[in-house]
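Topology and contacts: notes
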Amino acid sequence: MDKKSPVYEGKAKIVYATDDPELFVLYFKDDATAFNAKKKAVIEKKGELNAKISARIFSYLQSHGIGSHFVKALSDREFLVKKVDIIPIELVIRNIAAGSLCKRLGIEEKKAICPPLVEYYYKRDDLDDPIFSPDHIFFMELCDRETLDRIRKQALKINDLLQSFFDERGITLVDFKLEFGLDSQGNVLLADEISPDGCRLWDKETQNIMDKDRFRKDLGDLIPAYEEVYRRIEGDIS
Ligand code: TMP
Ligand code: ASP
């Protein structure tokens, strides 16, 4: 598959066109950002680990009926993906209270959330991705009720699958962010990446932080933690 010119460069990835108009190449960079890129660094090997972890998770989800843009890994840090139009809504699914939820609402950290909480954020860097409600989404015509309902149900199904996937590997899935897109036939597909950059992952026994909070909160090296996540999830899909 020939990689052509970049069509979009984000904070952690570059999207390239290919000679097939229905397919893109996704390249994972080593750039790390937090707080809407107010904090920045280049962390060698991060892109490679995120690509490998994400490929493993997309394959697992696909084997459980979750359609996504992921086609296959092309190299250590490149995916072939289906071209989708990203719906500008970031869904955050929370199983345990942490991060902005605690800050915003004064909720005690580590409080269990059952049933899981689904939040919607407007994907707009220039506005710092504000939280918003389904009514805002419909008013702004970002998607219709039926599509949002489908996305929400899919997000909760993904949460169930990922919670047990990580739990079997000694990791607690605290919360995570998902994005969805529409393919040329109008199908809603899971998109972007699922990696420790966009998930909170805690070691089940030690509660050690194995995700990008290490960088956000200056908790020490990130790469050994991402390597440990990869070590625990590689191998046969179950
Ligand atoms: P938060 O507690 O800061 O709102 O983050 C919730 C989850 O979403 C956490 O697992 C990190 C992820 N996330 C992203 O992937 N991108 C973002 O821009 C933000 C703010 C959070
Ligand atoms: N993804 C956001 C950024 O790049 C924020 C975060 O992940 O904390 O700045």
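The shown structure was predicted, so the numbers you read here are calculated from the model rather than taken from an experiment.

Here we take up the overall build of the chain. For the chain, the count of helices and strands is 6 helices and 14 strands. Relative to a compact globule of 238 residues, whose C-alpha radius of gyration would be 18 Å, the chain shows 17 Å and is just as compact. Along the first, second and third principal axes, the C-alpha set of the chain runs to 50 × 40 × 40 Å. Relative to its full complement of 238 residues, the chain shows a buried share of 50%. Here the contacts in the chain between residues at least 6 apart in sequence split such that 57% fall between residues at least 24 apart. Summing over all exposed atoms, the chain offers an accessible surface of approximately 11800 Å²; the carbon and sulfur share of this is 50%.

Parts of the model with low pLDDT should not have their predicted coordinates read in detail. Looking at the chain, pLDDT values average 97 and 98% of them are 70 or higher. Strand 9 (residues 89–96) holds the highest mean pLDDT among the elements of the chain, 99, whereas strand 1 (residues 3–9) holds the lowest, 90.

What follows concerns the site of ligand 1. Near ligand 1, the surroundings consist of 13 residues, among which R94, S100, D175, K177 and R200 are the closest. Side-chain polar atom of R94 to an oxygen atom of ligand 1: 2.9 Å apart, as the coordinates give it. Protein contacts shield 75% of the accessible area of ligand 1, which totals 450 Å² for the unbound molecule. Sorting the residues of the shell around ligand 1 by element identifies strand 9, helix 2 (99–105), strand 12 (171–182) and strand 14 (199–203) as the ones contributing at least two each. In terms of residue count, the dominant contributor to the shell around ligand 1 is strand 12 (3 residues). Looking at the shell around ligand 1 residue by residue, the classes come out as 5 nonpolar, 3 polar and 5 charged.

One open sheet holds the 5 strands; their spatial order is 1-2-3-7-6, and the pairing between them is antiparallel. Two strands in the sheet have a free side with no partner beyond their single neighbour: strand 1 and strand 6 (70–75). Recorded for the sheet is a direction-independent mean angle of 30 degrees between the axes of neighbouring strands.

This part is about the environment of I233. Mapped onto the fold, I233 is located in helix 6 (residues 223–233). Residue classification places I233 among the buried residues on the basis of a relative accessible area of 0%. Sequence separation of I233 and Q154 is 79 residues, and the distance between their C-alpha atoms is 22 Å. Among residues more than four places away in sequence, those in contact with I233 are I53, R56, I57, F165, F166 and R169.

To continue, consider unusual backbone geometry. Negative phi values dominate among residues other than glycine, just as trans dominates among peptide bonds. In this structure, P115 follows C114 across a cis peptide bond, with omega equal to 0 degrees. Structurally, the position occupied by P115 is in strand 10 (residues 112–122). Even without being glycine, A37 reaches a positive phi, approximately 65 degrees. Mapped onto the secondary structure, A37 falls in the loop between strand 4 (31–34) and strand 5 (39–42).

Moving on, we get to the site of ligand 2. Surrounding ligand 2, one finds K11, T33, A34, F35, N36, A37, K212 and R216. Contact distances for ligand 2 include 3.4 Å between an oxygen atom and a backbone N or O atom of F35. The contact in question runs from an oxygen atom of ligand 2 to an N or O atom on the backbone of N36, over 2.7 Å. If ligand 2 stood free it would expose 270 Å²; the protein chains cover 73% of that surface.

Right, let's talk about the pattern of salt bridges for a bit. Going through the model one piece at a time under the given rule, you end up with 29 salt bridges. Across the pair R200 and D175 runs a salt bridge whose closest N-O atoms are separated by 2.7 Å. Here the residue R200 occupies a position in strand 14, and D175 occupies one in strand 12, the gap between them amounting to 25 residues. Here R200 falls in the buried class, since its relative accessible area comes to 13%. Accessibility expressed as a relative area gives 4% for D175, which makes it buried. One continuous salt-bridge network, built from bridges that share partners, spans K13, E90, K123, K177, E179, D192 and E193.

Calculation notes
- Residues numbered from 1 in each chain as written.
- Chains lettered and ligands numbered in written order.
- Predicted model: local features only at pLDDT ≥ 70, side-chain atom pairs only at ≥ 80, totals over all residues.
- Heavy atoms only, no water.
- Helix = DSSP H or I, 4+ residues; strand = E, 2+ residues; numbered from the N terminus.
- Rg over C-alpha atoms; globule rule 2.2 N^0.38 Å.
- Buried < 20%, exposed > 50% of the residue type's maximum accessible area, 1.4 Å probe, protein only.
- Contact = heavy atoms within 4.5 Å.
- Areas by Shrake-Rupley, 256 points an atom, 1.4 Å probe, with all protein chains shown as cover.
- pLDDT = per-residue confidence, 0-100.
- Near = heavy atom within 4 Å.
- Polar contact = N/O pair within 3.5 Å; in protein donor to acceptor, adjacent residues only side chain to side chain.
- Nonpolar A, V, L, I, M, F, W, Y, C, P; charged D, E, K, R; others polar.
- Pairing = 2+ DSSP bridges.
- Axes fitted to C-alpha atoms, helices over the stretch in contact; angles between N-to-C directions.
- Salt bridge = Lys/Arg side-chain N within 4 Å of Asp/Glu carboxyl O.

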